[in-house]
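One-letter residues, chain by chain:
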Amino acid sequence: MTVFSPNPDKAWVEKFFLLYSPVWMASMAMMMLTGWDESWGDTALLCHGALTALPVIVIPALIARRFTNLPWHQSYWVKANLYLFIFGFFGNYFGSEYFFDILGMVYVYPHVSTELDSALVGSGEQTVPAIMYAYTHVYFMTYHATATIALRVLRNSGLPAMAVLFPVFVFLIGYFWAWMETKAMANPMIASNFYYEKMEAMLAYGSAIYATYFVASFPIYYFLDENADRRWTLTQTAAGGLSASMLTFFMLDFAAHLTGGL
């Protein structure tokens, strides 16, 4: 059974992403356990975000030559990071406004002064701390890497009705990560900084709305350099990230029409 990509340049990056996942999770856990998120100022929090996210770029850049002779602009680690940066930027800059106004997400970071979010989308009652862009990059790295591996195993399993099962599994994997992130992050240790107004509704129903991110993105990201003879260009990669972002935008807005909020 094929677990990692048949493209060697993609396979080693997938393995690195999996190995780094417990590291960023430990970094976030340390933040919660120590209360740094409440005591640190803006600069310290920005440094923590950078130190958590930058290894996803820096370490592959330093070790890539051990695994591939491709020039940097053709390497999967560059394209994966480009895609995740674009999609994560959308998720914070525009998507957070739906989380604030529809899903009842609340940020309270009185020590944070560096913020970045949409000027026109949403009510504008809340803003997005810049640190969230760094944290989202590693979150989405893990979600997309594990989803790609799971979907690859599914596609190679020989199960019938794959045309039906594939989108079902995309949603289930997306819902799993949406639920897990909500449960893990909106916890009593950081309740003074981050919480949902209706936690149980968010877990049950809001997670399905959050999963629209991944319904849009997982199938596109899956095919990024999946075969060595069909490598994407940087332009195609950026187009993929932008396409996933726009699809998510539409689905979030449709969800807002249908639910009106939790």
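Above this text sits the structure in question.
Calculation criteria
- Residues numbered from 1 in each chain as written.
- Predicted model: local features only at pLDDT ≥ 70, side-chain atom pairs only at ≥ 80, totals over all residues.
- Heavy atoms only, no water.
- Helix = DSSP H or I, 4+ residues; strand = E, 2+ residues; numbered from the N terminus.
- Expected span 1.5 Å × (residues − 1).
- Buried < 20%, exposed > 50% of the residue type's maximum accessible area, 1.4 Å probe, protein only.
- 1 Å grid on protein atoms, 1.4 Å probe; cavity = no way out; pocket = protein on both sides within 12 Å on 5 of 7 lines; lining within 4 Å.
- Points joined across faces, edges and corners; volume = space filled by probe spheres on them.
- Nonpolar A, V, L, I, M, F, W, Y, C, P; charged D, E, K, R; others polar.
- Salt bridge = Lys/Arg side-chain N within 4 Å of Asp/Glu carboxyl O.
- Arc of directions from axis to C-beta.
- Contact = heavy atoms within 4.5 Å.
- Phe/Tyr/Trp six-rings, centres within 6.5 Å; stacked < 30°, edge-to-face > 60°.
- Lys NZ or Arg CZ within 6 Å of the ring centre and 35° of its normal.

(A) Representation of helix α6 (residues 131-155) within the structure. With 25 residues, α6 ought to run about 36 Å at 1.5 Å a step, and its terminal C-alpha atoms sit 36 Å apart, in line with that. Of all the 25 residues making up α6, 21 are buried; the element is thus mostly covered by neighbouring parts of the structure.

(B) Representation of empty space enclosed by the protein within the structure. Going through the model one piece at a time under the given rule, you end up with 2 cavities of 30 Å³ or more. What the largest cavity holds in volume is close to 390 Å³. Together, 25 residues line the largest cavity, and Tyr 107, Met 132, Thr 136, Tyr 139 and Glu 181 are the ones closest to its centre. Among the secondary structure elements, those contributing two or more residues to the lining of the largest cavity are α1 (8-34), α5 (76-101), β1 (105-107), α6, α7 (162-185) and β2 (194-196). The element contributing the most residues to the lining of the largest cavity is α6, with 6 residues. Across the lining of the largest cavity, the residue classes tally to 19 nonpolar, 4 polar and 2 charged.

(C) Representation of the pattern of salt bridges. Enumeration over the complete set of coordinates arrives at 4 salt bridges. In this structure, Asp 225 engages Lys 79 in a salt bridge whose closest nitrogen and oxygen atoms are separated by 2.7 Å. Of the two residues, Asp 225 is situated in the loop between α9 (212-222) and α10 (234-259) and Lys 79 in helix α5; the sequence distance between them amounts to 146 residues. Just as Asp 225 is buried, Lys 79 falls in that class too. By sharing partners, the salt bridges in this structure join Lys 10, Glu 14, Arg 152 and Glu 226 into a single network.

(D) Layout of helix α3 (residues 42-53). Between its first and last C-alpha atoms α3 spans 17 Å; for 12 residues at 1.5 Å apiece the expected length is 16 Å, and the two agree. All of the buried residues in α3 are Asp 42, Leu 45, His 48, Gly 49, Thr 52 and Ala 53. Buried residues in α3, looked at end-on, bunch into an arc of 130°, giving them a common side. Projecting away from the buried face of α3 at angles above 90 degrees are the exposed residues Thr 43 and Leu 51. Buried residues along α3 sit in contact with α1, α2 (36-39), α4 (55-63) and α6.

(E) Main features of unusual backbone geometry. At Asp 225, a position not held by glycine, the phi torsion is positive, near 55°. The exposure class assigned to Asp 225 is buried, which follows from its relative accessible area of 0%.

(F) The arrangement of the packing of aromatic side chains in detail. Taken as a whole and assessed by the stated rule, the structure comprises 40 aromatic pairs. On the basis of an interplanar angle of 10° and a centroid distance of 4.6 Å, the ring pair of Trp 36 and Trp 40 is categorised as stacked. Residue classification places Trp 36 among the partly exposed residues on the basis of a relative accessible area of 27%. Residue Trp 40 is classed as partly exposed on the basis of its relative accessible area of 24%. On the basis of an interplanar angle of 25° and a centroid distance of 4.8 Å, the ring pair of Tyr 143 and Trp 177 is categorised as stacked. Remark: Trp 177 occurs in helix α7 and Tyr 143 occurs in helix α6; sequence separation between them is 34 residues. Across the pair, exposure class does not vary: Tyr 143 and Trp 177 are buried alike. Between the NZ or CZ atom of Lys 10 and the centre of the ring of Tyr 222, over which it lies, the distance is 5.9 Å. In this structure, Lys 15 packs its charged tip against the face of Phe 4, placed 5.2 Å from the ring centre.

(G) The arrangement of the layout of surface pockets in detail. Its boundaries defined by the atoms lining it, the largest pocket holds a volume of some 230 Å³. Trp 24, Met 25, Met 180, Ala 184 and Met 185 are the residues nearest the centre of the largest pocket, which is lined by 14 residues in total. Mapped by element, the contributors of at least two residues to the lining of the largest pocket are α1, α6 and α7. Counting residues per element, the lining of the largest pocket draws most heavily on α1, at 6 residues. The residue inventory of the lining of the largest pocket, partitioned by class, reads 13 nonpolar, no polar and 1 charged. Considering only enclosed or pocket space, the second largest pocket measures out at about 190 Å³ in volume. Elements with a contribution of two residues or more to the lining of the second largest pocket: α3, α5 and α6. Considering each element in turn, the lining of the second largest pocket owes the most residues, 5 residues, to α5. Grouping the constituent residues of the lining of the second largest pocket by class yields 10 nonpolar, 2 polar and no charged.

So yeah, pure geometry; function would need other evidence.
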